[in-house]
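Analysis of the macromolecular model
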Amino acid sequence: MTASGVLADHQIRAMIASGGISATADIGADQIQPASLDLRLGQTAYRVRASFLAGRNRTVAERLKDFKMHAVDLDGGAVLEKGCVYVVPLMERLSLPNDMTAAASAKSSIGRLDLLTRIITDHGVEFDRVPEGYDGPLYVEICPRSFSVVAQPGQMLNQIIFRQGKTRMSDSDLRALHAKTPIVSGDPVISEGLGFSVDLKPDKGNLVGYRAKPHTGVIDLSKLNHYDPAEFWEPVHTEDGWIILDPGAFYILVSREAIVIPPMQAAEMAPYLAMVGEFRVHYAGFFDPGFGYADAGGSGSRGVLEVRCHEAPFVLEHGQVVGRLVYENMAALPDALYGREIKSNYQGQGLKLSKHFKA
C-alpha cells in the first residue's frame, strides 16, 4: 500500500490477512466499517485506582501491577460502576509498518452514554493514538460517568482508523471539495477544519436536547431499543434560543448544520477552542465515508453533540460554534459506504439518543 490516506475497508481486511491486525478470536466481518475497525473487549476488566498512561519506558501490564485494585470477570456480563476506572485488554493487537499510525475513538452509541473509553498502548504517551511501527497489545480504559453499565466480552465500544502518510485536508482543499460536493448545509465555516454550531431553534417544537439524570439504574450494553428514555434523561426545552449548561452535567444536543462525508473522505470531530466557553463537545470522534451522503441515504444528517459543562454555568446560544470536523483523504475508495451497504443506526439522524433507548 503506497497511497497516502486513511485506510479503506478492503485495505483493513488485507492487514488482517497479512497479520498486521490479529486477535485472540477471529475478526468478524461486522467489525470492519468503511474506514475503521471495531475493537472488542476481552475477558477481564481491571479496576484501577486512577487513569494512567504507560509512559515511554513501561508496558500497560507493568503499570497495572502498580494501580490494579481487583479483577472483574466480564463473562456473562458484569457491572462497571459509575465513577470508577477500569482497564480491559482488547482481543485485537497491532503490528504496524513504520509509515503507518492509528487513532481510536469511542463508537457513537458509547459516547452518547457518557461512557469515557480511551485506548492505551504499551510505551504510550497519548490516549487514543498508536505510533508508527507499534507492535503490541491494545487496552481500553473505561470510566462510566453518568450511568453504570453492564459489559461483557466481545462487545465493541471503540473503533480504530489507520493512517498512512499525510491524510489531513487543508482548508483550501476543503473549500474546493465543498464547491464540488457540498459537505455542509448553508455557508461553510472553514478554519482548521469545518466548524459546526448548535441548534437551539428547531423547526418544530421546543425540544433541543436531553440532560442525563444524576441517579439512575444500570444500562446493559447488549440491550438495544430497550430502555425508557424518561428513566435516564430529562428533556431540555427552550423558546428563547439559548440554554444554561450546569457544571458537571452531561447533555445530548444536535448540530444546526447537516453534514456530508463524501466517499473519498473521512472525518474526525475535534473540540473547539477552550476560550469559547466552559464546556466541551467530546467522546465520539470518527465519521465514516458516506455519512450524510445523499446517494447513501443520508441527506440531512446532523451531528449529535455530547456536551459536558465545566467549572461555571454557561449560556449556550443557537448558532454558537461548538466544534469542528477535520476532514481526511481516504487512501482508496471503500467497498461499502456508511448507511448504504452497511447497517448504520444514525444515517439521516437528527437529535437522537443512543440505540439502547426506545425511539
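These numbers come from a predicted model, not from an experiment. (Residues numbered from 1 in each chain as written. Predicted model: local features only at pLDDT ≥ 70, side-chain atom pairs only at ≥ 80, totals over all residues. Heavy atoms only, no water.)

1. Section: the overall build of the protein chain
The helix and strand inventory of the protein chain stands at four helices and 26 strands. Referenced to the eigenvectors of the C-alpha coordinate spread, the extents of the protein chain come out at roughly 55 × 50 × 35 Å. Within the span of the protein chain, comprising 359 residues, buried residues form 55% of the whole. Taking the contacts inside the protein chain whose residues are at least 6 apart along the sequence as the reference set, 82% of them involve residues at least 24 apart. Surface exposure of the protein chain reaches about 15,400 Å², of which carbon and sulfur atoms provide 48%. (Helix = DSSP H or I, 4+ residues; strand = E, 2+ residues; numbered from the N terminus. Buried < 20%, exposed > 50% of the residue type's maximum accessible area, 1.4 Å probe, protein only. Contact = heavy atoms within 4.5 Å. Areas by Shrake-Rupley, 256 points an atom, 1.4 Å probe, with all protein chains shown as cover.)

2. Details of the sheet that holds strand E20 (residues 250-258)
Within the open sheet, the five strands sit side by side as E18-E16-E20-E24-E22. Their pairing is antiparallel. Single-partner strands in this sheet number two, and they are strand E18 (233-237) and strand E22 (279-281). Ignoring which end each strand starts from, the neighbouring axes of this sheet average 30° apart. Note that E20 and strand E24 (residues 302-309) share six bridges and pair antiparallel. Its bridge partner being in E24, Tyr251 is matched across the sheet by Val307. (Pairing = 2+ DSSP bridges. Axes fitted to C-alpha atoms, helices over the stretch in contact; angles between N-to-C directions.)

3. Quick notes on the environment of Gly323
By the element assignment, Gly323 lies in strand E26 (residues 321-329). Remark: the alpha-carbon pair of Gly323 and Met269, spanning 54 residues in sequence, is separated by 7.3 Å.

4. Focus: the sheet that holds strand E12 (residues 149-151)
Within the open sheet, the three strands sit side by side as E6-E12-E17. Their pairing is mixed. Bordering the open sheet on either side are strand E6 (78-80) and strand E17 (219-220), each of which pairs with just one other strand. Bridge count between E12 and E17: two bridges; the pairing is parallel. Looking at the pairing, Val149 lines up with Ile219 of E17.

5. Overview of the pattern of salt bridges
The final tally for this structure, using the stated rule, is 15 salt bridges. Salt-bridge contacts for Glu141 lead to Arg118; the nearest nitrogen and oxygen are separated by 3.0 Å. Note that Glu141 is positioned in strand E11 (residues 135-144) and Arg118 in strand E9 (residues 115-121), a separation of 23 residues in sequence. Across the salt bridge formed by Arg163 and Glu268, the nearest N and O atoms sit 2.8 Å from each other. (Salt bridge = Lys/Arg side-chain N within 4 Å of Asp/Glu carboxyl O.)

6. Overview of the packing of aromatic side chains
One pass over the full model with this rule turns up 10 aromatic pairs. Centre to centre, the rings of Trp233 and Phe250 are 6.2 Å apart; their planes meet at 45°, and the pair counts as tilted. Here Trp233, found in strand E18, pairs with Phe250, found in strand E20; they are 17 residues apart in sequence, far enough to count as distant. An identical accessibility class is assigned to Trp233 and Phe250; each is buried. When the ring of Phe287 is compared with that of Phe291, the centres are 5.0 Å apart and the planes differ by 80°; the resulting orientation is edge-to-face. Assessed through its relative accessible area of 11%, Phe287 is described here as buried. Here the aromatic residues Phe147, Tyr227, Phe232, Trp233, Phe250 and Phe357 are joined through ring pairs into a cluster of three or more. For the cation-ring pair, Arg118 lies above Phe127, with the distance from its terminal atom to the ring centre recorded as 3.6 Å. (Phe/Tyr/Trp six-rings, centres within 6.5 Å; stacked < 30°, edge-to-face > 60°. Lys NZ or Arg CZ within 6 Å of the ring centre and 35° of its normal.)

7. Structural notes on a nonpolar patch on the surface
Where nonpolar side chains cluster on the molecular surface, the patch consists of Trp242, Ile244 and Val315 and spans about 260 Å² of accessible area. Within the fold, Val315 resides in strand E25 (residues 314-317). For Val315, a relative accessible area of 37% corresponds to the partly exposed category. (Patch = residues over 30% accessible without salt bridge, like charges linked within 9 Å, V, L, I, M, F, W, Y side chains within 5 Å.)

8. Quick look at the side chain of Asn158
Along the chain, Asn158 turns up in strand E13 (residues 156-164). Overall, Asn158 belongs to the buried group, its relative accessible area being 2%. In terms of polar contacts, Asn158 uses its side chain to reach the side chain of Thr117, at 3.1 Å. Dropping the residues within four chain positions of it, Asn158 is found in contact with Leu37, Asp38, Leu39, Ser105, Ala106, Lys107, Thr117, Arg118, Ile119 and Val140. (Polar contact = N/O pair within 3.5 Å; in protein donor to acceptor, adjacent residues only side chain to side chain.)

9. Examining the pairing of strand E4 (residues 44-48)
Looking at chain direction, E4 and strand E5 (residues 68-73) are connected through five bridges and run antiparallel. Each bridged residue has a counterpart across the sheet, and for Arg47 the counterpart in E5 is His70. Relative to strand E7 (residues 85-95), E4 runs antiparallel, the two sharing three bridges. Note that in E7 the partner of Val48 across the bridge is Val85.

10. Brief notes about the environment of Glu311
Mapped onto the elements of the fold, Glu311 is located in the loop between E24 and E25. Measuring from C-alpha to C-alpha, the distance between Glu311 and Ala104 comes to 28 Å, with 207 residues separating the pair along the chain.

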